[in-house]
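Understanding the architecture of this molecule
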Amino acid sequence: MPHSRQQYEQRITRLEADARRHPAWFNLQVALLVALGLLAIPFAILCSLIVFLLACLTVVSRTAYLAILALQPLAARIAAAVYAVRLQLSVPNGIELRPDEAPRLFELLEELTRQLRAPRFHHVLITDEFSASMVQLPRLGPLGWQRNYLLIGLPMLLGMDSGHFTAVLAHELAHLSNQHSRFSLWVERAHQAWQRFMEHIGENKGARFGLNWFFNWYVPVLQPHAFVLARLHEIDADRFAATLTGARTMAETLVASHLGAYYLKETFGKGLQQEVQAQATPPRDLFHRMRTELWQPLSAEDRAAAIAQLLDEKTNFLDPHPSTPDRLAQLGFPSTMLGERRELPANLAIADSPNETAATILLGSALEPLLATLNEAWWLSRVDDWQSQHYTMVEAQEQLSRLPVADAEDVSLTAADLWIRAKAVLEVSGPDAAIPLFECVLEADPRHMECRYLLGQVFLHAANIAGIDHLRFIMEYDVDHALDACRIIYDYLGTHGLAADADRYAEWAETRVQQLQQAQAERQRLTTSETFLPHDWSEDDVASLQRQLAAISEVSMAYLIRKTVILFPEKPCYILAVMLKLPWLTFAGKSEEKVGLEICNRVKTKQDFLLFTVAQFRNRALLTRWKQLGNALIYQRAAAPTPPAGKEQHAVYH
Amino acid sequence: MPSTIDICREFLGSAPRNFTTADWRGGLRMPPPRWLKRMRKDELWEIYHHRKELLQHGRVVWACVVQANEVLFGPGKFDAPAMAIYSPDAYFDDHLEDLLHLGTRLFALKGTQLQDPEEQRFAEIISNERERAMRLRVPDAMTDGHAVISTSIMVHRRHLPDGILVKRMVPLLIHPNTTPATIILPSRYWPPALLYAWRR
């Protein structure tokens, strides 16, 4: 059972090799796994039923208690199974295109469908991405009767000629023709069904009996199989499409698709990003602009960079598509080495830009309305984020202009001044300009955690491993952000092919989670054997807290103390013990829990605290000790009742 | 090409509108949530007293959700209230971005103490999430003189695509001559561009 990323990757590599050697056997294995998963749920119910019936038999001679005990897991399993089966798959998002709107596109689809003997598409949806895909959704749930959706990205139609676009369609139809999606859907269904089944059962021990073991074995075995299956489907679809359009056209399509995607992301996308600073709202003509720009040939610089990126691409364990060089090699166009430099095969002609785009030919008069609709849709989907980014940048620029003119090396600037400047520069001018300033902040204050955290992320975003050192510092010295820092490093290493290193961080995170759980338990303990100290909050902070507590009518008295802790002592543990005055009939007013949540939501303080709400405070010994601390009693409502004597307490909130 | 809000109006049709029984029982149904039934004096009842009128005679305008009960941002069963701003002024038909920016500025008033009594009133309403204000004019100083109204709305999940509140902008049905209550235009009348943007 693979537990770590490395084991998972090794397992996929091994399964991939097996699947290539014996594809039929591999498919059978997956089918058996799916069947096992789907049959295991009714089997689990059957087992519970047998136990229940056996318990019923004993009722006559003993007591009904056993039967009732056995009925509960049976009911829980049946309810969970119903929930698991009612899996709703959402309809893909896109603008529906009807056959009468774009007859040439539908004629082409019909022709390809006939040649590939594939089922027809019921819906063609236009999206705003540079991609094409197909989705099958069963109308009758587990009983099938598929509805087929073809999703076509308008940018892809705008950036390719009709020959290359036909190859893309052939690839998608090959998935449909070979029933890839239907098979994958069953795998997904088995996976989801178990996830939902266990989720619904929750912590019910009786219903979980025997299932935990199966679930922990089944899911990690099914996942790599599903991944390898998806990858084989991609290779198969490429091969299938190549038989229809020719291997050369298919190979050229893969390269053209990469060049288009590169241009949109690196040149078009970055240009758009620069507009955020200048304009308060996104442009309303994005797709018209895209049409004009994708029409132009790529600059020599862009083209060289895009091809270099394509050749550097490695097959990874996140995307079931093999890398483009691997897909080209499968089609008979392996990249060649020229000295130390990798080159595209010389016999592969790559056109600079299409003479006439697939959009013009295939969409005809539907193109203009589609461009307008997607312009509007993109504008509506982006306007909120764009505005917020724009005003953050404007604010940063204003802040920057208010700061005194000074060099980053200016010794009179404190770490705090430099930090404000660095953040503003990051917003306005980007990471390259901000990095020297971040480094100055750390020179002035090496323990500036926020700066290290941000700098670590900026470095890793630019694939500079210096970021790991900064994040490791956070892991060591900043309790609150250590796990986040660890996750960032783990993700970075995992996506850069360093699974073994990533696993070390995963282990560290597991240990840290255990330590945090222990620390939490220690902090939540409130007995007379603990050591308490006076709080060290400033007068202003206490006054602010008092004001906020006074606004909550149920609060009658509040104590603020500091508790000594062994685990993570660098993070002080403050306790806010709040005495409440609640009506004795709970339904007549708020419950203790509700007031606790209200305090958590409404009270804002600089320091974190643990809240203990006490409807009737009864631990006199604790109270006496806190009173001895001097500044512990921070709030007392006028005419508050005298706390009655009694024993222990309370509800805890974080 | 007509604007998104114009297409919403076109899809809904001109007033007075007639809906079939199937419409009322199906997509247009908006029963009050169970929790509201226990609060008979809540001002949100105004919405349920005038829901038919709003659908039959209401006008569609853009609204910006300033704040909403956080359960609405994820999948769930319960309908919940929100605070929104809208304007009967046609200026905002083509300037939705200004309404959204105003929404951001109003939300920023939360938890603040202000000198201006009108702005302070707003700050209090936004800070106290339980307070209702069915029709409250946003101070002119914040709106460049345009009439912008703040209102409490009920977000009916069945009227949103996928039942989740994912964006701040919504088409709203208003009928200011009759009632301060408003309702979100059911998503069956939303144009494809808005549906696509919402689900994106």
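Residues numbered from 1 in each chain as written. Chains lettered and ligands numbered in written order. Predicted model: local features only at pLDDT ≥ 70, side-chain atom pairs only at ≥ 80, totals over all residues.

A closer look at the overall build of chain B
Stated formally: Where helices and strands are cited, they refer to DSSP runs of H or I of at least four residues and of E of at least two residues respectively, numbered from the N terminus. The globule rule used here is 2.2 Å times the number of residues to the 0.38 power, and the radius of gyration it is set against is calculated over C-alpha atoms. Whether two residues are in contact is decided by their C-beta atoms, placed from the backbone, lying within 7 Å.
Counting secondary structure elements, chain B contains nine helices and six strands. The C-alpha atoms of chain B give a radius of gyration of 16 Å, which matches the 16 Å a tight globule of 200 residues would have. Here the contacts in chain B between residues at least 6 apart in sequence split such that 69% fall between residues at least 24 apart.

Things to note about unusual backbone geometry
Quick reminder of the rule: We call a residue exposed when 12 or fewer other C-beta atoms sit within 10 Å of its C-beta, buried when the count reaches 20 or more, and partly exposed for counts in between; the C-beta positions come from the backbone.
Residues B:A15 and B:P16 are joined by a peptide bond in cis, for which omega reads -5 degrees. Backbone geometry places A:R117, a non-glycine residue, at a positive phi of 50 degrees. The exposure class assigned to A:R117 is exposed, which follows from the 8 C-beta atoms found within 10 Å. Not every positive phi belongs to a glycine, and A:A463 is a case in point at roughly 55 degrees. By the secondary structure assignment, A:A463 is in the loop between α18 (449–461) and α19 (466–477).

Side note on the interface of chain B and chain A
Heads up, the rule is: Charged residues are taken to be Asp, Glu, Lys and Arg, nonpolar residues to be Ala, Val, Leu, Ile, Met, Phe, Trp, Tyr, Cys and Pro, and polar residues to be all remaining types, Gly included.
Taken together, the contact pairs 16 residues of chain B with 15 residues of chain A. Elements with a contribution of two residues or more to the side of chain B that touches chain A: α6 (96–107) and α9 (192–199) of chain B. Among the elements that line the side of chain B that touches chain A, the one with the most residues is α9(B), at six residues. Residues belonging to the side of chain B that touches chain A are distributed by class as follows: eight nonpolar, two polar and six charged.

Considerations on the packing of helix α9 (residues 211–245) of chain A against helix α10 (residues 247–278) of chain A
The angle between the axes and the distance between the axes are what describe a pair of packed helices. All names here are of chain A. The line we're drawing: Only the stretch in contact is used when a helix axis is fitted, and all axes are lines through C-alpha atoms; the angle between N-to-C directions ranges over 0 to 180 degrees. What sets the label is the angle itself: under 35 degrees gives roughly parallel, over 145 gives roughly antiparallel, 65 to 115 gives roughly perpendicular, and the rest give oblique.
Here α9 crosses α10 at 120 degrees, and the two axes come no closer than 7 Å. Taken together, α9 and α10 sit at an angle that is classed as oblique. Taking contact as the criterion, the partners of D238, A241, A242 and T245 in α9 are, on α10, A247, T249 and M250. Across the contact of α9 with α10, the residue classes break down as four nonpolar, two polar and one charged.

Overview of the pairing of strand β8 (residues 555–563) of chain A
Residue and element names in this part refer to chain A. Stated precisely, the cut-off is as follows: Pairing between strands is defined by DSSP: at least two bridges between them are needed.
Here β8 lies mainly inside the structure; eight of its nine residues are buried. For strand β7 (residues 532–534) and β8, the ladder comprises three bridges, and the chain directions are antiparallel. In the strand pairing of β8, P534 is matched with I561. Here β8 runs beside strand β11 (residues 633–636); their pairing, made up of three bridges, is antiparallel. In the strand pairing of β11, Y559 is matched with L633.

Structural notes on the sheet that holds strand β6 (residues 182–184) of chain B
Residues and elements named next belong to chain B. The antiparallel open sheet is built from six strands, whose spatial order is β3-β4-β2-β1-β5-β6. Edge positions in the sheet fall to β3 (136–137) and β6, since each of these pairs with one other strand and no more. Judged from the three bridges that link them, strand β5 (residues 169–174) and β6 form a sheet pairing that is antiparallel. Counted as the bridge partner of L172 is I184 from β6. Contacts from helix α1 (residues 4–12) reach β1 (59–68) and β5 within the one sheet, and its direction differs from that of β1 by about 120 degrees. With respect to the sheet, α6 is in contact with β1, β2 (80–86) and β5, its orientation differing from that of β1 by roughly 30 degrees.

Observations concerning the pairing of strand β9 (residues 573–580) of chain A
Residues and elements named next belong to chain A. Burial analysis of β9 places seven of its eight residues in the buried class, which makes it a mostly covered element. Bridge count for β8 against β9 is eight bridges, and the pairing is antiparallel. In the strand pairing of β9, Y559 is matched with A577. Relative to strand β10 (residues 610–614), β9 runs parallel, the two being bridged by five bridges. When the bridges of β10 are listed, V578 appears paired with T613.

Points about the sheet that holds strand β4 (residues 146–153) of chain A
Residue and element names in this part refer to chain A. One open sheet accounts for four strands, arranged β1-β2-β4-β3; its pairing is mixed. Only two strands of the sheet have a single partner each, and these edge strands are β1 (95–97) and β3 (132–138). Sheet twist, expressed as the average angle between the axes of neighbouring strands with direction ignored, equals 30 degrees. Alignment of β3 against β4, held across seven bridges, turns out to be antiparallel. Residue pairing across strands places A132 opposite I152, the latter belonging to β4. Its contacts with the sheet put helix α6 (residues 162–177) on β3 and β4, and the angle it makes with β3 is roughly 25 degrees.

A look at the nonpolar core
To keep things clear, this is the line we draw: For this entry, the nonpolar core is defined as buried Ala, Val, Leu, Ile, Met, Phe, Trp, Tyr and Cys residues connected by C-beta atoms within 7 Å.
Core analysis: the biggest nonpolar cluster contains 121 residues, and A:L157, B:A63, B:A84, B:I85 and B:L172 have the highest contact counts within it. Looking at this core element by element, the count peaks at 10 residues for α10(A). Excluding residues within four positions of it along the chain, B:A84 makes contact with B:A63, B:C64, B:V65, B:V66, B:T151, B:I153 and B:L172. Formed by 33 residues, the second largest nonpolar core is a distinct cluster that contains A:A422, A:A434, A:V441 and A:V458.

A word on the confidence of the model for chain A
Residues and elements named next belong to chain A. Rule in force here: Looking at any residue, its pLDDT shows the predictor's confidence there, from 0 to 100.
With 91% of its residues at a pLDDT of 70 or more, chain A has an overall mean of 85. Mean pLDDT in chain A bottoms out at strand β12 (residues 651–653), which sits at 40, and peaks at strand β2 (residues 123–127), which reaches 96. Note that pLDDT drops below 50 for residues 640–654; the model gives that stretch 33 contacts with residues more than four away or on any other chain.

Quick look at the environment of A:V425
As for its placement among the helices and strands, A:V425 is situated in helix α16 (residues 415–429). If we ignore the near neighbours within four places in the chain, the residues touching A:V425 are A:L400, A:A433, A:A434 and A:L437.

Some points on the domain arrangement of chain A
Residue and element names in this part refer to chain A. Cut-off, in case you're wondering: Boundaries of every domain are those given by an automatic assignment or by a domain database.
Partitioning chain A into domains gives domain 1 (5–88 + 193–244), domain 2 (246–361), domain 3 (380–523) and domain 4 (532–653). Taken residue by residue, the interface counts six residues in domain 3 and eight residues in domain 4. Of the residues belonging to the side of domain 3 that touches domain 4, the class tally is two nonpolar, two polar and two charged.

Focus: helix α12 (residues 300–312) of chain A
Residues and elements named next belong to chain A. Put simply, the rule reads: The length a helix should cover is 1.5 Å for every residue beyond the first. In this description, one arc is meant: the one made by directions from the helix axis to the C-beta atoms.
The end-to-end C-alpha distance of α12, which contains 13 residues, comes to 18 Å, matching closely the 18 Å that a straight helix rising 1.5 Å per residue would cover. Among the residues of α12, those classed as buried are A306, I307 and L310. Viewed along the axis of α12, the buried residues span an arc of 95 degrees, placing them on a single side of the element. With respect to the buried face of α12, the exposed residues turned more than 90 degrees away are E301, A304, A308 and D312. In this structure, the buried residues of α12 make contact with α10 and α13 (324–330).

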